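Chain by chain, the residues:
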Amino acid sequence: MRVPVFFHPAQLAFAPELEWFGGEAIAHPETALRAESIVEALREDGSFALRAPERVPDAAIRALHAPALLALYDTAAALPAGEACYPAVFARDAVTAPDPSRLANAGAFAFDTATPLARETRDAVRWSAACAHEAALAVRSGAPLAYALSRPPGHHAGRASFGGYCYVNNAALAVRALKRGRRVAVLDIDVHHGNGTQALFWRDPRVLVVSVHEHPDTCFPFFAGHPSEIGGGAGRGANLNVTEGAGCDGRRYAELLDRHALPALRAFRPDVLVLSAGLDTYRLDPVGRFALDTGDLADVGERIGGLGVPVVAVQEGGYHTPDLGINAIALLDGIRRGLTRAGLAAE
Ligand code: OKP
Ligand code: ZN
């Protein structure tokens, strides 16, 4: 089976230059080149069917995100070329509603200074979301595996919040496209906790969210991702955070999957899995501090495919550009092998 892959060139037009972190400006790790290098590797490989997605319906995005957040992206679309807005004022105790027609109010929606707004942001994130939406539709129509080359990433974006290079929650959009009549589980293997996804399904007992990541005591996003966060209200018990310290290698990671993440997923008996497929657990990643190698990522994929549940893989982080292509292929091939072994004709 050729794995359907969704990507749109308009995702490349947004290219933030800088990230502000801890009072310093660094070159922004979330580059357009990330996606380009994955596209190139998948093309060369030949076992992937690359396509541009259809436009994602506005209603699908509006079901997920607050109107004011989307209005803020519209406001940013009127910025002059080359200008970027970095939120710097975070009015946490404001007594009036933030005004999304004023970029000076962006700090009411942002939770960091790493995630700028520019005129190209809105369209790029819409197409990034469209990839996830379309990959979900492909799996809904029977594909055992589909891959959304989403960029910018999405798992940190909440209903009315953006941050961690994320603006629209692509994986959550895929969940919503699949949810009717199906049990959907999310597995987030990005090295950072998917706080946006966790928040969006916090009270939802019908969507299990599992995230494996570096512990928030030492890693972005710092304020969420602790093992004590298990969901709220009716959703209590439908959220699982599995954490490890910096330096976690492939062996230890496999243990975390086998002992914690996979048993929880199996017990939930999902009809479909949305995989937040971050590649920043890689040993050379400049942002993450885990130590998986390319073979480990293939092994992670095989374990996930071994669940025997169709997978919508949505790209999240991963910043060591030279190896992103081989790592994406390792993960996807691993999933394909695992699915085949589990009896889903994926190869
Ligand atoms: C986004 B995703 C780096 C500081 C951390 C924010 C990290 C966002 C990660 N020097 N900056 O989950 O890959
Ligand atoms: Zn990450």
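Residues numbered from 1 in each chain as written. Chains lettered and ligands numbered in written order. Predicted model: local features only at pLDDT ≥ 70, side-chain atom pairs only at ≥ 80, totals over all residues. Heavy atoms only, no water.

Colleague: Before we move on, could you go through the site of ligand 1 and cite the residues and values that matter?
Modeller: In the vicinity of ligand 1 there are 13 residues, among which E19, H155, H156, D280 and Y319 approach most closely. With respect to ligand 1, the side chain of Y165 contributes an N or O atom lying 3.4 Å from a nitrogen atom. Within the side chain of D190, an N or O atom sits 3.1 Å from an oxygen atom of ligand 1. Summarising the interface, the protein chains cover 89% of the accessible area of ligand 1, which totals 410 Å² for the free molecule. Considered class by class, the residues forming the shell around ligand 1 number 5 nonpolar, 5 polar and 3 charged. (Near = heavy atom within 4 Å. Polar contact = N/O pair within 3.5 Å; in protein donor to acceptor, adjacent residues only side chain to side chain. Areas by Shrake-Rupley, 256 points an atom, 1.4 Å probe, with all protein chains shown as cover. Nonpolar A, V, L, I, M, F, W, Y, C, P; charged D, E, K, R; others polar.)

Colleague: Run through the sheet that holds strand 6 (residues 184-188), naming residues and quoting values.
Modeller: Spatially, the 8 strands line up as an open sheet ordered 4-1-5-10-9-6-7-8, and their pairing is parallel. Every other strand in the sheet has two partners, leaving strand 4 (48-51) and strand 8 (239-244) as the edge strands with one partner each. Recorded for the sheet is a direction-independent mean angle of 15° between the axes of neighbouring strands. Pairing geometry for strand 1 (residues 3-6) and strand 4, over 4 bridges, is parallel. Its bridge partner lying in strand 4, F6 is registered against R51. Against the sheet, helix 7 (residues 250-268) engages strand 6, strand 7 (207-214), strand 8 and strand 9 (272-277), with an angle of about 170° to strand 7. (Pairing = 2+ DSSP bridges. Helix = DSSP H or I, 4+ residues; strand = E, 2+ residues; numbered from the N terminus. Axes fitted to C-alpha atoms, helices over the stretch in contact; angles between N-to-C directions. Contact = heavy atoms within 4.5 Å.)

Colleague: Hey, could you go over the coordination of the zinc ion (ligand 2) for me, with residue numbers and the actual values?
Modeller: Around the zinc ion (ligand 2), the protein contributes the donor atoms D190 (OD), D190 (OD), H192 (ND1) and D280 (OD), at 1.9 to 2.7 Å from the metal centre. Coordination geometry of the zinc ion (ligand 2): the 6 donor atoms subtend angles of 53 to 158° at the metal centre, consistent with an arrangement described as irregular. When the donors of the zinc ion (ligand 2) are listed by position in the chain, the intervening gaps give D-x1-H-x87-D. Here H192 is found in the loop between strand 6 and helix 6 (195-200), whereas its partner D280 is found in the loop between strand 9 and helix 8 (294-305), with 88 residues between them in sequence. Classification of H192 by relative accessible area gives buried; the value is 6%. (Donors = N, O, S within 2.8 Å, 3.2 Å for Na, K, Ca; no water. Tetrahedral: all angles 85-135°; square planar, octahedral: opposite > 155°, others 65-115°. Buried < 20%, exposed > 50% of the residue type's maximum accessible area, 1.4 Å probe, protein only.)

Colleague: If you had to explain helix 5 (residues 170-179) to someone new, which residues and values would you point to?
Modeller: For helix 5, a buried count of 9 out of 10 residues is recorded, marking the element as mostly surrounded by other parts of the structure. Of all the positions in helix 5, only N170, A171, A172, L173, A174, V175, A177, L178 and K179 are classed as buried. The residue sitting at the N-terminus of helix 5 and contributing the capping side-chain oxygen is N169; that oxygen lies 3.4 Å from the backbone nitrogen of A171. Count one or two residues on from helix 5 and you reach G181, which has phi positive near 75°.

Colleague: Describe the nonpolar core, and please don't skip the residues or the numbers.
Modeller: Note that soluble globular proteins tend to have their nonpolar side chains buried in a common cluster. Ranked by internal contacts, the top residues of the largest apolar core, which has 51 residues, are Y73, L117, F162, V274 and V312. Counting residues per element, this core draws most heavily on helix 4 (residues 121-140), which supplies 11 residues. Apart from residues no more than four positions distant in its own chain, L117 is found in contact with L72, Y73, A76, L79, E83, A84, C85, L103, A106, F162 and Y167. Listed in part, the 50 residues of the second largest apolar core include F7, L257, L297 and L332. (Core = buried A, V, L, I, M, F, W, Y, C linked by side-chain atoms within 4.5 Å.)

Colleague: So what about helix 9 (residues 321-341)? Which residues, and what values?
Modeller: The terminal C-alpha atoms of helix 9, which comprises 21 residues, lie 31 Å apart, in line with the 30 Å expected from a rise of 1.5 Å per residue. Among the 21 residues in helix 9, 15 count as buried, and that is most of the element. Looking one or two residues past helix 9, G343 carries a phi angle of roughly 100°, positive in sign. (Expected span 1.5 Å × (residues − 1).)

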